[in-house]
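Descriptive analysis of the structure
Here is what each chain is made of, one letter per residue.
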Amino acid sequence: MPVPSTTSNMESLEKSLCDFSGSTPLDQRFRSLFTIKGLAATSDEHMQRAISIISAAFSDDSALLKHELAYVLGQLEDSRALPTLKGVLEDLQQDAMVRHEAAEAMGAISDPTVLPVLEQYRNDGDVSVRETCELAISKITFDNSSEGQALKASKAQAKVAEEQSGLGGVESAFKPIDPAPAMTPAASKEAAKSQADSMSYDATQVPLFREALLNTNLSLFERYRAMFALRNVAHGGGEGAVQAVLALAQGLKDGSALFRHEICFVFGELCHPASIPSMIQVLNDANEHEMVRHEAAEALGGIVEEGEEEQEAKSGDFKLVMDTLKRWAEDMEAPRVVRESCVVALDELAYNNDPTQFHRVEAPTAVAA
Ligand SMILES: [Fe+2]
Ligand SMILES: [Fe+2]
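Residues numbered from 1 in each chain as written. Chains lettered and ligands numbered in written order. Predicted model: local features only at pLDDT ≥ 70, side-chain atom pairs only at ≥ 80, totals over all residues. Heavy atoms only, no water.

This next bit is on the packing of aromatic side chains. Working definition: an aromatic ring pair is given by the centre-to-centre distance plus the angle between the planes. For the structure shown, the criterion picks out 5 aromatic pairs. Residues Phe142 and Phe221 carry aromatic rings whose centres are separated by 6.0 Å and whose planes lie at 55 degrees to one another, so their mutual orientation is tilted. A residue pair is termed long-range when its members are at least 10 positions apart, and Phe142 in helix H8 (residues 127-143) and Phe221 in helix H14 (residues 220-235) qualify at 79 residues. Both residues of the pair, Phe142 and Phe221, count as buried. Aromatic side chains Tyr224 and Phe228 sit 6.4 Å apart centroid to centroid with 55 degrees between the ring planes, which places their arrangement in the tilted category. Remark: Phe228 and Tyr224 occur in helix H14; sequence separation between them is 4 residues, near one turn of the helix. (Phe/Tyr/Trp six-rings, centres within 6.5 Å; stacked < 30°, edge-to-face > 60°. Helix = DSSP H or I, 4+ residues; strand = E, 2+ residues; numbered from the N terminus. Buried < 20%, exposed > 50% of the residue type's maximum accessible area, 1.4 Å probe, protein only.)

Structure, rendered in structure tokens:
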């Protein structure tokens, strides 16, 4: 069978993503969006096309889909997406979750020309939008500071070293842009012995990062930096991962819904079994903010992705995850964004656990926070 050209691919993907009739299932449209994101990286022409298709899809009425569109635009890291994102942030008729994501995406692109508009919406009526603008301003300011530039250079060095050693090169190429750069281990040590030391995370750093995570006297930006540092510790696996996940779970009691939703997002990135009880608790809590419950549902959608042996060992957890997601997917009393998130998460679980599928849906790291 002839392989379709990328151009015709883009056309069919556009049809799927921009089908506002409701006849294309939401989970299929999500997959089209991720495929468009992948194709955007292949050429400048595709990048432009991707930005225009994704921008057009904002005519949809699903807040869940639209917040994902904004997220993907940010992850493309292309300033040509800024007019769309700015328009979404300025549109008070848009759901706050979508406007929040637009502001975060502007931070991801990190172009200082957007600072005035972010400053303006730092006084928005919605607290999550306000906090996101504050974070995005801090991120852009940091990225353009000497510390930010040095961090960027050391990350680039680490990436080259990874690629040369044959380890993690592909993985790091698809790493999402965090809304705040992870606090470096060097910040928690007197002095790093070497460049490599300054970027290596381990279990001994958990208490320091946890303290910063939970310290409400620090700015949201610094606390986010601690959150992503704990995420990096957890990426190392082992007992350090369990400790880092449990430290992160403590942050779910924070007063900021934005902060709590980001912790759920990090759990979605990690897919660590130790996060399952807290994610189920969040999803089941009808009094929790819908943005946080949405993120918990998506985290649960990515939780089972290991080999068969581990899946069997965790089949009890898996069933509980499935049952909880099904319950809220079918509960018509639940907020729409929670229901839809559960539908998408169930699709992801089914797809990732289907042995006939060669390609997994892009990992939950690709999903918007
Ligand atoms: Fe978000
Ligand atoms: Fe999200």
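Let us now look at the pattern of salt bridges. All chains considered together, the criterion is met by 17 salt bridges. The residue Arg99 makes a salt bridge to Asp124 at a minimum N-O spacing of 2.6 Å. Placement of Arg99 in helix H6 (residues 96-109) and of Asp124 in the loop between helix H7 (115-120) and H8 is noted, with a sequence separation of 25 residues between them. No difference in accessibility class separates Arg99 from Asp124, as the two residues are buried. As a salt-bridge pair, Arg223 and Asp254 come within 2.6 Å of each other at their nearest N and O atoms. Of this pair, Arg223 sits in helix H14 while Asp254 sits in the loop between helix H15 (238-250) and helix H16 (257-270); the two residues are 31 residues apart in sequence, bridging distant segments of the chain. This pair shows no difference in class: Arg223 is buried, exactly as Asp254 is. Via salt bridges that share partners, Asp44, Asp78 and Arg80 belong to a single interconnected network. (Salt bridge = Lys/Arg side-chain N within 4 Å of Asp/Glu carboxyl O.)

This part is about helix H3 (residues 44-56). With 13 residues, H3 should cover 18 Å at 1.5 Å per step; its first-to-last C-alpha distance of 18 Å lies within 8% of that length. For H3, the complete set of buried residues consists of His46, Met47, Ala50, Ile51, Ile53 and Ile54. (Expected span 1.5 Å × (residues − 1).)

What follows concerns unusual backbone geometry. Even without a glycine there, the phi angle at Glu77 is positive, about 55 degrees. By relative accessible area, which is 52% here, Glu77 ends up exposed.

Our focus in this paragraph is the packing of H6 against H8. The geometry of H6 relative to H8 is characterised by a closest axis approach of 8 Å and an angle of 5 degrees between their N-to-C directions. The angle between H6 and H8 places the two elements in the roughly parallel class. In contact with Ala96, Arg99, His100, Ala103, Glu104, Met106, Gly107 and Ala108 of H6, H8 contributes Ser128, Val129, Thr132, Cys133, Ala136, Lys139 and Ile140. The residue makeup of the contact of H6 with H8, split by class, is 8 nonpolar, 4 polar and 3 charged. (Axes fitted to C-alpha atoms, helices over the stretch in contact; angles between N-to-C directions. Parallel < 35°, antiparallel > 145°, perpendicular 65-115°, else oblique. Contact = heavy atoms within 4.5 Å. Nonpolar A, V, L, I, M, F, W, Y, C, P; charged D, E, K, R; others polar.)

What follows deals with the nonpolar core. Counting residues in hydrophobic clusters, the biggest one holds 111 residues, and the most contacted among them are Leu118 and Leu325. With 10 residues, the single largest contributor to this core is H14. For Leu325, the residues in contact, after removing those within four places along its chain, are Leu283, Ala297, Leu300, Gly301, Cys342, Ala345, Leu346 and Leu349. (Core = buried A, V, L, I, M, F, W, Y, C linked by side-chain atoms within 4.5 Å.)

Right, let's get into the UniProt feature "binding site: Fe cation 1" (unreviewed entry) in the protein. The positions that UniProt labels "binding site: Fe cation 1" (unreviewed entry) are, in the present scheme, His67, Glu68, His100 and Glu101. For this annotated set, covering 35 residues, all C-alpha atoms fall within 11.1 Å of each other, a compact arrangement in space. Looking only at the residues we just named, the largest cavity is lined by Glu101. Relative to the helices and strands, Glu68 is located in helix H4 (residues 63-75). Other than its neighbours up to four places away in sequence, His100 contacts Ser128, Val129, Thr132, Leu258, His261, Met291 and Ala369. (UniProt positions renumbered as here; feature names shortened; annotations may be inferred. 1 Å grid on protein atoms, 1.4 Å probe; cavity = no way out; pocket = protein on both sides within 12 Å on 5 of 7 lines; lining within 4 Å.)

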